Amino acid sequence: MGNRGMEELIPLVNKLQDAFSSIGQACNLDLPQIAVVGGQSAGKSSVLENFVGRDFLPRGSGIVTRRPLVLQLISATAEWGEFLHCKGKKFTDFDEIRQEIESETDRVTGANKGISPVPINLRVYSPHVLNLTLIDLPGITKVPVGDQPADIEQQIRDMIMQFITRESCLILAVTPANTDLANSDALKLAKDVDPQGLRTIGVITKLDLMDEGTDARDVLENKLLPLRRGYIGVVNRSQKDIDGKKDIKAALEAERKFFLTHPGYRHMAEKMGTPRLQRVLNQQLTNHIRDTLPGFRSKLQSQLLALDKEAEEYRGYRPDDPSRKTKQLLQMVQQFSVDFEKRIEGSGDQVDTVELSGGAKINRIFHERFPFELVKMECDEKEMRREISYAIKNIHGIRTGLFTPDMAFEAIVKKQIIKLKEPCVKCVDMVIQELINTVRQCSNKLECFPRLREETERIVTAHIRDRESRAKDQVLLLIDVQLSYINTNHEDFIGFANAQQRSSQTNKSQSSAGNQVIRKGWLTINNISIMKGGAKEYWFVLTAESLSWFKDDEEKEKKYMLPLDNLKVRDVEKSFMSSKHIFCIFNTESRNVYKDNRTLELACDSQDDVDSWKSSLLRAGVYPEKTTTVESETTTTSDNFSMDPQLERKVETIRNLVDSYMAIVNKCIRDLMPKTIMHLMINNVKDFINAELLAQLYSAGDQNALMDESQEQAQRRDEVLRTHQALKEALAIIGDISTSTVTVPLPPPVDNSWVGGSSGGRRSPPPSPTAPRRMSSGQRPAPRGAPPPPNRPGPLGPFNNSADSPQAPSRPNRAPPSIPSRRPPPSPTRQAPP
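What counts, and where the lines are drawn
Residues numbered from 1 in each chain as written. Predicted model: local features only at pLDDT ≥ 70, side-chain atom pairs only at ≥ 80, totals over all residues. Heavy atoms only, no water. Buried < 20%, exposed > 50% of the residue type's maximum accessible area, 1.4 Å probe, protein only. Helix = DSSP H or I, 4+ residues; strand = E, 2+ residues; numbered from the N terminus. Contact = heavy atoms within 4.5 Å. Salt bridge = Lys/Arg side-chain N within 4 Å of Asp/Glu carboxyl O. pLDDT = per-residue confidence, 0-100. Pairing = 2+ DSSP bridges. Axes fitted to C-alpha atoms, helices over the stretch in contact; angles between N-to-C directions. Parallel < 35°, antiparallel > 145°, perpendicular 65-115°, else oblique. Left-handed = near helix turned anticlockwise from the far one by under 90°. Nonpolar A, V, L, I, M, F, W, Y, C, P; charged D, E, K, R; others polar. Phe/Tyr/Trp six-rings, centres within 6.5 Å; stacked < 30°, edge-to-face > 60°. Lys NZ or Arg CZ within 6 Å of the ring centre and 35° of its normal. Polar contact = N/O pair within 3.5 Å; in protein donor to acceptor, adjacent residues only side chain to side chain.

### Thoughts on helix 5 (residues 185-193)
The buried count for helix 5 comes to seven of nine residues, which makes it a mostly enclosed element. Its buried side turned inward, helix 5 meets strand 1 (33-38), helix 4 (152-164), strand 6 (169-176), strand 7 (200-205) and strand 8 (231-233).

Given below as structure tokens:
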């Protein structure tokens with residue numbers, strides 16, 4: 001290898017990689033790409049080879065780069081190459097790699113100078129390289145030759161721009177010393193994408209081919225045509241050297257000898273040559289590594305802080321210690337009990353902001369779902385009146401009764417009370433299911449001990465099921481108690497005397513509550529036609545008399561107000577394409593509800609919201625639709641009876657009495673059901689967990705077996721301890737790298753307006769027409785206003801060399817350079833390297 005600087009960087013990167021791999025993470029250093037840009041035969045490929053330290057690119061008379069070569073260097077224990085187009089084939093001989101590049105280029109571009117933007121991807125694995133990407137790009141040309149297209153210049157420019165526009169790409173702008181630097185295409189392209197010069201380094205090649213008596217000293221000293229990072233001169237192998245198989249090591253010796261013996265460059269020999277370019281680029285890589293360390297350090301420190309408490313618990317942990325198992329069993333059961341009580345009673349700790357659970361869901365069951373289920377059991381008005389009339393007639397028998405029989409009232413009331421059993425039992429079932437869900441949620445913290453979790457869930461669920469039968473028996477007993485005695489002396493019962501006035505009183509009470517707001521919230525009207533904009537969300541306000549909706553919750557722009565008279569609620573099946581839950585409101589007299597729509601479809605985000613809105617509509621007197629059975633349909637159609645006025649008055653009286661008494665029963669059941677379930681179920685389960693769960697676990701079997709860790713928990717403990725230690729070691733390694741490497745700051749900006757490009761700068765005057773186009777300092781004056789070279793080394797080494805080097809002796813054919821006006825250089829600003 002010829003690049004010793006890279007070999008010195010490898011241990012640093014390996015340390016970082018080892019630190020991150022030990023904790024199972026990738027060390028994403030994202031080292032910069034290095035692209036070599038310049039004209040044809042400027043020496044780009046030779047510069048690239050010198051940096052790698054290997055001779056592997058095609059060489060020969062007339063051979064030029066005609067496809068981009070993307071060279072990925074990958075650190076490995078052995079040395080070989082792989083092409084993307086030859087997957088699985090390893091090239092251990094670099095001469096074979098060169099031949100494969102030539103044949104692959106000809107395969108795509110042809111043998112007659114054609115070019116292609118399709119890159120050749122080559123990976124070189126070696127123990128002597130860093131993980132870097134180097135790019136050898138086609139040389140910039142202006143005149144098409146052979147099979148090249150007419151727009152060859154633009155095609156090559158676009159090809160180059162694809163690579164050098166990336167912020168992580170270092171640009172080596174290569175210009176031969178025997179051409180006009182002010183017209184350098186490489187520097188123009190570099191300025192287009194890097195106007196501040198943060199990632200552009202000028203490389204001057206072919207210094208040994210300049211005319212005798214001329215040199216590029218003023219350029220290399222960054223006096224004549226300055227760049228922010230300055231220039232580095234190199235001497236590559238000639239075609240004769242390449243044909244003669246002169247190796248890179250011998251070429252480097254010849255290059256060093258040239259700079260030491262040349263009168264124009266010997267004072268700056270230590271700052272020129274391929275080794276210098278290697279050091280500059282390696283320092284740039286070091287800078288990049290150091291710049292990534294603060295981010296890595298903060299990331300590792302946050303991870304270490306998060307693991308500190310857990311690692312402290314695991315340190316000194318002995319899984320088979322009986323005393324530890326006993327202590328941990330007590331702690332786990334106590335924690336389970338606390339978590340269960342918090343979920344039921346409510347707590348500010350670990351609040352679930354996604355959905356209702358535990359006590360909040362049970363509360364909704366008590367006060368929204370259960371009342372709604374009660375109302376759903378109410379029979380249809382016509383069916384109720386028909387049953388009352390049949391009861392009255394059957395009680396009178398063959399005789400025509402003069403008075404309203406109270407036995408008809410009791411028969412109808414008992415039938416209605418029996419219907420309450422179903423919603424009451426359903427309420428118990430819903431609460432049971434929520435309790436079991438709560439137990440499972442609380443047992444998640446026991447997952448590291450699978451036997452303990454399994455036994456805990458089994459014992460508590462069995463107790464809940466045991467209490468379920470008792471709770472249902474008690475609930476049915478409540479209904480039987482109501483059936484056993486019809487208390488017509490209840491203070492809220494209207495009695496026979498007031499039954500006739502019931503309808504008018506009801507209407508008055510409803511009108512008095514007309515302005516009471518029952519609920520507000522967002523709903524989506526789902527059945528608006530696409531022609532009118534499709535489904536839209538509005539702010540709804542429900543009162544005892546109407547349902548109104550507004551454009552927004554400020555309630556300024558009312559869209560519609562819908563009276564609640566003759567309205568009912570019906571469920572709508574959820575559509576396949578919609579994630580919304582839908583219910584609809586319709587008119588029982590088959591009238592349009594909203595504009596031309598017979599129904600108003602309203603959509604919510606969840607089924608719980610639907611149930612909550614239906615419960616609120618129920619309070620406003622909008623009842624759910626009664627599901628009509630086939631038997632009742634046939635009865636309705638076949639028996640259209642008529643009543644005489646006397647019977648109709650009796651039916652109306654009993655109807656009002658039943659309404660009054662059932663309101664008392666419903667009120668009592670709504671009050672007693674939550675209390676019964678709380679006493680027999682929820683409070684009992686809490687007491688059982690607090691007082692008896694531990695004893696049940698002890699009697700269930702071997703306590704040591706209960707506290708056996710799961711395999712996942714053992715792996716988790718080992719992983720936490722190993723990761724904690726690895727994080728500490730990684731932080732120590734990063735600290736060592738921070739102190740063992742040196743970052744050199746950016747140099748101050750220079751006036752690079754002489755470079756043509758998108759920013760448009762002036763060029764220095766062309767050389768004399770009689771003189772050859774070369775970089776002789778005597779042929780071009782320095783641009784006016786250019787700042788003097790700084791009095792310290794540059795960022796990656798002293799590119800600006802005049803201040804710290806002795807003055808060379810006077811030489812013939814050398815005109816004194818024009819001295820720019822002395823003005824203080826701009827203050828350097830600290831910027832992050834690319």
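So that's the structure; there's more coming.
### Examining the side chain of Ser616
For Ser616, the location among the structural elements is in helix 18 (residues 607-619). Excluding residues within four positions of it along the chain, Ser616 makes contact with Ile518, Arg519 and Leu542.

### Details of the pattern of salt bridges
One pass over the structure, following the stated rule, counts 29 salt bridges. When the shortest N-O distance is used, the salt bridge between Asp192 and Arg157 registers 2.7 Å. Remark: Arg157 occurs in helix 4 and Asp192 occurs in helix 5; sequence separation between them is 35 residues. A residue is classified by how much of its surface remains accessible, and Arg157, at 30% relative accessible area, is partly exposed. Across the pair Glu373 and Lys426 runs a salt bridge whose closest N-O atoms are separated by 3.4 Å. Residue Glu373 is located in helix 11 (residues 359-376), and its partner Lys426 is located in helix 14 (residues 421-442); the two are separated by 53 residues in the primary sequence. One salt-bridge network, in which partners are shared between bridges, spans Asp429, Arg465, Glu468 and Lys472.

### Comments concerning unusual backbone geometry
Positive phi values are uncommon outside glycine, yet Lys206 reaches one of about 60°. The residue Lys206 is located in the loop between strand 7 and helix 6 (217-220) in this model. Positive phi values are uncommon outside glycine, yet Asn566 reaches one of about 60°. Position of Asn566 relative to the elements: it lies in the loop between strand 12 (558-563) and strand 13 (567-571).

### Focus: the confidence of the model for the protein
The predicted model of the protein averages 75 in pLDDT, with 74% of residues at 70 or higher. Per-residue pLDDT, averaged within each element of the protein, yields its smallest value for helix 19 (residues 630-638) (42) and its largest for helix 14 (92). Counting contacts from residues 628-640, a segment whose pLDDT is below 50, to residues more than four positions away or on other chains yields three contacts. Within the model, pLDDT remains below 50 along residues 757-834, and this stretch shows 160 contacts once partners closer than five positions in the same chain are excluded.

### Quick word on the pairing of strand 11 (residues 546-550)
Two faces, one strand: in a regular strand the side chains alternate between the faces of the sheet. Taken across its five residues, strand 11 has five buried, putting it largely inside the fold. The alternating pattern of strand 11 places Ser546, Ser548 and Phe550 on one face and Leu547 and Trp549 on the opposite face, and all of these are buried. Linking strand 10 (residues 536-543) back to strand 11 in an antiparallel pair, the connection comprises two residues. Across five bridges, strand 11 lies against strand 12 in antiparallel orientation. Looking across to strand 12, one finds that Leu547 is bridged to Leu562.

### Remarks on the sheet that holds strand 9 (residues 517-525)
The strand order 12-11-10-9-15-14-13-16 describes an open sheet built from eight strands, whose pairing is mixed. Looking along the sheet, the strands with just one partner apiece sit at the ends: strand 12 and strand 16 (623-624). As judged from the eight bridges shared by strand 9 and strand 10, these two strands associate in the antiparallel manner. Bridge pairing links Val517 to Thr543 in strand 10. Those strands touched by helix 18 are strand 9, strand 10, strand 13, strand 14 (581-587), strand 15 (599-604) and strand 16, and its axis lies near 135° from that of strand 9.

### Some details on the packing of helix 4 against helix 5
Here helix 4 crosses helix 5 at 45°, and the two axes come no closer than 11 Å. Between helix 4 and helix 5, the crossing angle belongs to the class labelled oblique. Seen from above, helix 4 lies across helix 5 with right-handed handedness. Facing Arg157, Ile160, Met161 and Ile164 of helix 4, the residues of helix 5 in contact are Leu189, Asp192 and Val193. Class assignment for the residues of the contact of helix 4 with helix 5 results in five nonpolar, no polar and two charged.

### Topic: the packing of aromatic side chains
Taken as a whole, this structure holds 13 aromatic pairs when the rule is applied. With 6.0 Å between their ring centres and 65° between their planes, Phe259 and Tyr265 make a pair best called edge-to-face. Using a relative accessible area of 1% as the deciding quantity, one classes Phe259 as buried. Between Tyr560 and Tyr594, the ring centres sit 4.9 Å apart and the planes meet at 80°, which makes this aromatic pair edge-to-face. Of this pair, Tyr560 sits in strand 12 while Tyr594 sits in the loop between strand 14 and strand 15; the two residues are 34 residues apart in sequence, bridging distant segments of the chain. The exposure class assigned to Tyr560 is partly exposed, which follows from its relative accessible area of 26%. Put simply, the rings of Phe540, Trp549, Tyr560 and Tyr594 touch in pairs and so form one group of aromatic residues. One Lys or Arg, Lys90, reaches over the ring of Trp80 and ends 4.3 Å from the middle of that ring.

### Overview of the side chain of Thr200
In this fold, Thr200 is placed in strand 7. Within the structure, the side chain of Thr200 is placed 2.8 Å from the side chain of Asp194, a separation counted as a polar contact. Leaving out residues up to four positions away in the same chain, Thr200 has contacts with Ile171, Ala173, Ala190, Asp194 and Arg229.

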